[in-house]
Amino acid sequence: GIQVEQSPPDLILQEGANSTLRCNFSDSVNNLQWFHQNPWGQLINLFYIPSGTKQNGRLSATTVATERYSLLYISSSQTTDSGVYFCAPWSNNAGNMLTFGGGTRLMVKP
Amino acid sequence: EAGVTQFPSHSVIEKGQTVTLRCDPISGHDNLYWYRRVMGKEIKFLLHFVKESKQDESGMPNNRFLAERTGGTYSTLKVQPAELEDSGVYFCASSPKNEQFFGPGTRLTVL
């Protein structure tokens, strides 16, 4: 199956700072999703981004499928951005499932 | 539009007992998935339904786990008998085609 590595594993930011989270994967992928797990455990969809760049407010994501990585950018971070961010690619070669990375745990301090 | 719902939100049972988790997908989504996260591990796939048919159950850990989706609507995941290592959070997701939408999860604790 696909191997997924996310970095950094932990990140502490001061409110207002910017950050980049990285997701590397070991195989070519057909789909990729980014999720934010909030303090209550809910997985919130951020982006469905098999390739290219998308933006949604202060967040944007880029997937370069040919180089097997995806990036999530958070600008002007807020305390409500705290939580765990998961990258989950999907490859048709590896079954009908998302494969989750270990996540990046983000804490934004006021 | 209502999201994916799961019931119960929490369940505490003793080793050897039976527990049934329920998932109601987003209306109209043919694809339904079960995932789980056990302590200290990553979120892992369990199985995938397309309507009422099991498309892929390669992630089911053993025959103590039984999933059903009668009528192609809601799904149940039964654990019988439960073991200590089954403790974790069980997520359900649904999808019309590609993008998956997750429910809030059921936190299962086996004592």
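Just so you know, these numbers come straight off a predicted model, no measurement behind them.

The next thing to look at is the interface of chain B and chain A. Interface size is commonly expressed as the accessible surface area that is lost when the partners come together. Facing 18 residues of chain B, the contacting portion of chain A comprises 18 residues. For chain B, the biggest contributors to the area lost against chain A are I43, E99 and F102 of chain B; these three give 32% of the whole. Looking at the side of chain B that touches chain A, the elements that each hand over two or more residues are β4 (31-38), β5 (44-50), β6 (53-56) and β10 (101-102) of chain B. When residues of the side of chain B that touches chain A are assigned to their parent elements, the largest contribution, three residues, is made by β4 of chain B. Across the side of chain B that touches chain A, the residue classes tally to eight nonpolar, six polar and four charged.

Another aspect to go through is the sheet that holds strand β7 (residues 59-64) of chain A. Residue and element names in this part refer to chain A. Ordered in space as β1-β3-β8-β7-β6, the five strands form an open sheet in which the pairing is antiparallel. The sheet is open, and its two edges are formed by β1 (4-7) and β6 (52-56), each paired on a single side. When the angles between neighbouring strand axes are averaged without regard to direction, this sheet yields 15°. Two elements, β7 and strand β8 (residues 69-74), share six bridges in a ladder whose sense is antiparallel. Each bridged residue has a counterpart across the sheet, and for L59 the counterpart in β8 is I74.

Looking now at the environment of Q6 of chain A. All names here are of chain A. Turning to its location among the elements, Q6 is positioned in strand β1. Separated by 76 residues in the primary sequence, Q6 and S82 place their C-alpha atoms 16 Å from one another. Apart from residues lying up to four places away in sequence, Q6 is in contact with R22, C23, W34, Y85, F86, C87, G101, G102, G103 and T104. Within the structure, Q6 has its side chain in polar contact with the backbone nitrogen of G103 (distance 3.1 Å).

Rules used in this analysis
- Residues numbered from 1 in each chain as written.
- Chains lettered and ligands numbered in written order.
- Predicted model: local features only at pLDDT ≥ 70, side-chain atom pairs only at ≥ 80, totals over all residues.
- Heavy atoms only, no water.
- Contact = heavy atoms within 4.5 Å.
- Buried area = accessible area lost by both parts, 1.4 Å probe.
- Helix = DSSP H or I, 4+ residues; strand = E, 2+ residues; numbered from the N terminus.
- Nonpolar A, V, L, I, M, F, W, Y, C, P; charged D, E, K, R; others polar.
- Pairing = 2+ DSSP bridges.
- Axes fitted to C-alpha atoms, helices over the stretch in contact; angles between N-to-C directions.
- Polar contact = N/O pair within 3.5 Å; in protein donor to acceptor, adjacent residues only side chain to side chain.

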